[in-house]
Amino acid sequence: MNRLSITTRLVLSFITIIILTLVLFIVVTNRVVYNRFADLVEKSGTNFSRRVVPILEQYYQANGSWDGVENLVFDSTGNREGGFGRFRQDNGNMMAPGLMITAQDERFLLIDGDEIIFDTNPDGIVINNPENLAKFGTPVVVNGEQVGTFLVASMMGILNESQNIYLARVNRTLIWVGAIAILLVLLVALWQSRSIVQPLREMADASRLLAKGDYNQRVQVQRNDELGDMANAFNQMALDLSQQSELRRQMMADVAHELRTPLSVLRIDLESMEDGLMEASPENVRALQSEVSYLSNLVDDLRMLSLADAGDLKIEKSPVELNSLVREMVERQQNAARERKIIMTAYYAENEIFVMGDPQRLSQVMVNLLSNAIQHTLPDHEITTKIEVENQIARVSVTNYGTWIPKEDLERIFDRFYRLERSRNRDQGGSGLGLSIARSLINAHGGKIWAESELGKSTTFKFTLPVLS
């Protein structure tokens, strides 16, 4: 199948539409002009006939017959239509009126019964039965008796040569107007198609480069229409892809860093034990086990995030009483808080709150939020946990006082491996996956999670879940 460009299709569509429109316009206009013109000609012929009949009646009354009546009609090259002129009598014995009938391009007939008395254009259409034409003419009546019928061809809608020439000129004018309109439409179609196709070509070229990994591609937005919206969407997509690519690169670097540190410790300690530089004492073995446990937890966290991204994270939901779950998690973290001289308080709802969720996953969310709060709360400060219900939505908040998060960091704290502490000290910043896991788990439960921070005062993490009705 041959490929047609958008420009070709637009031009062909424009031309087809304008040609069909012009053909219809010309045909309708031609019919309307012709019919209207024919009506005017017919009325003009009728009016002219009524003005001529008194002259003919006067002539017949004066002469008693139609003999020599053709002398009343003469051709005048200065006139284009029938009219009147002064009569110049050549025969002194003939009585005639003082006016004559002039004809330039009109056919006049005087009919008496089945006889044509005179015909100004005998070489025209042959008339075989004059009586049939008499009904179109104007009767000539003398002393109450019809002595003839005067007929003008235009009374029957028959156009003369000059009138046909006029209509032909009108038709030619319409055709020329149509041709000019087609040319103008062609120019407009080319201009419009170029204005439409050019941005599409730019986006197609940028897309090909984008597919090859050049995420710096952008297209210029110079329109305020659908194409402008498409260009903006493309630029936003390119920006998102660039950010995602950067995040992937950063994630790979973070994963490598997180794996390298414990592996390096394990390798060095094992080599030291092998060379006899370190004893395989219970303390040293426990240290090695701690590094192995960290690696195992890190791999588990990464696997959970990959499953969540793929939509394969298994969530075994059942009715969960939220007060009990949160209370249990707070109590488990009390010892860790006391060791850091942190006060933990909790405020629960008066009534039981049931949500549909996976108890193990929701417990993991609470552990991540509470341990994160403990890790970033200074000694002698407080951590508050609160449960509230509003419009069948349960909201759990964990607030740690004395520390806060800058606005530029608040938007990224749920990113993987993102830590406020740039030193990557695990004792201070952890692996940077806890909040990412919490967000994935809450999203899997159909809830929302976010963070709020009040400068110089506190930081609050909140998540919501639908309440079972």
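Every chain is numbered independently, its residues counted from 1 as its sequence is written. Two thresholds apply to this predicted model, a pLDDT of at least 70 for residue-level local features and 80 or more for giving and counting side-chain atom pairs, whereas whole-chain, interface and lining totals are computed over all residues. With hydrogens and water stripped out, all remaining heavy atoms of the structure feed into the side-chain values.

**Things to note about the environment of T403**
The residue T403 is located in the loop between β12 (393-401) and α9 (407-410) in this model. We call two residues in contact whenever any of their non-hydrogen atoms come within 4.5 Å of each other. Residues contacting T403, with those up to four places away along its chain left out, are H376, T377, L378, K457, S458 and T459. Polar contact criterion, stated in full: a pair of N or O atoms within 3.5 Å, where within protein one must be able to donate a hydrogen and the other to accept it, and residues adjacent in sequence count only if both atoms are side-chain atoms. Of the polar contacts made by the side chain of T403, one reaches the side chain of N400; its length is 2.6 Å. Only DSSP runs of H or I covering at least 4 residues are called helices, and only runs of E covering at least 2 are called strands; the numbering of each starts at the N terminus.

**Here we look at the packing of helix α8 (residues 359-375) against helix α11 (residues 434-444)**
Contact pair α8 / α11: the axes reach a minimum separation of 9 Å and the direction vectors enclose 145°. Judged by the twist between their axes, the crossing of α8 over α11 is left-handed. Residues R361, L362, Q364, V365, N368, L369 and N372 of α8 pack against G434, L435, I437, A438, L441 and I442 of α11. Side-chain classes follow a simple rule in which Ala, Val, Leu, Ile, Met, Phe, Trp, Tyr, Cys and Pro form the nonpolar group, Asp, Glu, Lys and Arg form the charged group, and the remainder, Gly included, forms the polar group. Of the residues assigned to the contact of α8 with α11, the class counts are eight nonpolar, four polar and one charged. Note on definitions: angles span 0 to 180 degrees between N-to-C directions of axes, and those axes are lines fitted to C-alpha atoms, for helices only across the stretch in contact. Crossing handedness follows the turn of the near helix against the far one: under a right angle anticlockwise gives a left-handed crossing, and clockwise gives a right-handed one.

**Some remarks on the sheet that holds strand β9 (residues 343-347)**
Taken in spatial order, the five strands line up as β9-β11-β12-β14-β13 in an open sheet, and their pairing is mixed. If you trace the sheet from one side to the other, it starts and ends with β9 and β13 (448-454), each paired once. Strand-to-strand twist across the sheet, computed as the mean angle between neighbouring axes with direction ignored, equals 15°. Strand pairing follows a simple DSSP-based rule, namely that at least 2 bridges must link the two strands. Inspection of the sheet shows strand β11 (residues 382-390) paired to β12 by eight bridges, in the antiparallel sense. Note that in β12 the partner of T385 across the bridge is V398.

**Points about the pattern of salt bridges**
Salt bridges are defined by distance alone: a side-chain nitrogen of Lys or Arg within 4 Å of a carboxyl oxygen of Asp or Glu. Per the counting criterion, the structure on display carries seven salt bridges. One salt bridge connects R332 with E328, and the closest N-O pair in it is separated by 2.9 Å. Taken as a pair, R332 and E328 lie in helix α6 (residues 322-332) at a separation of four residues, close to a single helical turn. Where E388 meets R395, a salt bridge forms, and the shortest distance between an N and an O atom there is 2.9 Å. The partly exposed category is assigned to R395, whose relative accessible area is 22%. Connected via shared salt-bridge partners are E388, E390 and R395. Accessibility here uses a 1.4 Å probe with only protein chains present; expressed as a share of the type maximum, an area under 20% marks a residue as buried, one over 50% as exposed, and anything in between as partly exposed.

**Observations concerning the packing of aromatic side chains**
Note on ring pairs: Phe, Tyr and Trp rings are taken, using the six-membered ring of Trp, and paired if centres are within 6.5 Å. Classes follow the plane angle, with under 30 degrees stacked, over 60 edge-to-face and the rest tilted. The full count for this structure, using the stated rule, is five aromatic pairs. Their ring planes at 50° and their centres at 4.8 Å tell us that Y60 and W66 sit as a pair that is tilted. Here the two residues Y60 and W66 agree in accessibility, since each one is buried. Residues F108 and F150 carry aromatic rings whose centres are separated by 5.8 Å and whose planes lie at 45° to one another, so their mutual orientation is tilted. Separated by 42 residues along the polypeptide, F108 in strand β4 (residues 108-112) and F150 in strand β7 (residues 145-152) bring together distant segments of the chain. Considered together, F108 and F150 belong to a single accessibility category, that of buried residues. Of the aromatic side chains, those joined through ring pairs into one cluster are F48, F108 and F150. Here the guanidinium or amino end of R327 rests over the ring plane of Y348, the centre of that ring lying 4.3 Å away. For a ring to carry a charge above it, either NZ of a lysine or CZ of an arginine must fall within 6 Å of the ring centroid while also lying within 35 degrees of the normal to the ring plane.

**Here we look at the pairing of strand β10 (residues 354-357)**
Regular strands show a simple pattern: their side chains alternate between the two faces of the sheet. Burial of the side chains of β10 is restricted to one face: V355 and G357 are buried, whereas none of F354 and M356 on the reverse face is. Looking at chain direction, strand β8 (residues 318-321) and β10 are connected through four bridges and run antiparallel. Across the sheet, E321 pairs through a bridge with F354, a residue of β10.

**A look at a nonpolar patch on the surface**
Each patch groups residues whose relative accessible area exceeds 30% and which form no salt bridge, using 9 Å between like charges and 5 Å between nonpolar side chains of Val, Leu, Ile, Met, Phe, Trp and Tyr. Note that accessible areas follow from Shrake-Rupley with a 1.4 Å probe, and for residues the cover is restricted to the protein chains shown. Nonpolar side chains collect at one region of the surface, where I180, L183, L184, L187 and L190 lie side by side and expose about 460 Å² of accessible area between them. Relative to the helices and strands, L187 is located in helix α3 (residues 161-211).

**Re unusual backbone geometry**
Located in the positive-phi region is N143, a residue other than glycine, with phi close to 55°. You can see N143 is positioned in the loop between β6 (138-142) and β7.

**Quick word on α8**
Helix span, expected: 1.5 Å multiplied by one less than the number of residues in the helix. Between the first and last C-alpha of α8 there are 24 Å, a value that for 17 residues agrees with the 24 Å anticipated at 1.5 Å per step. Most of α8 is tucked away: 12 of the 17 residues are buried. The set of residues buried in α8 consists of R361, L362, S363, Q364, V365, M366, N368, L369, L370, N372, A373 and I374. Capping the start of α8 is the job of one residue whose side-chain oxygen sits 3.0 Å from the backbone nitrogen of Q360: D358.

**A short note on the nonpolar core**
In this structure, L322, V355, M366, L369, F461 and F463 are the most contacted members of the largest nonpolar core, which totals 46 residues. Of all elements in the fold, only α5 (282-310), α6, α8, β11, β12, α11, β13 and β14 (458-466) reach the threshold of two or more residues within this core. Examining the composition of this core, we find that seven residues originate from one element, α8, more than from any other. Excluding residues within four positions of it along the chain, V355 makes contact with S318, P319, V320, L322, L362, A394, L465, P466, V467 and L468. Buried Ala, Val, Leu, Ile, Met, Phe, Trp, Tyr and Cys residues that are joined via side-chain atoms within 4.5 Å together make up what is termed a nonpolar core. One finds W66, V69, L133 and M155 within the second-largest nonpolar core, a separate group that totals 24 residues.

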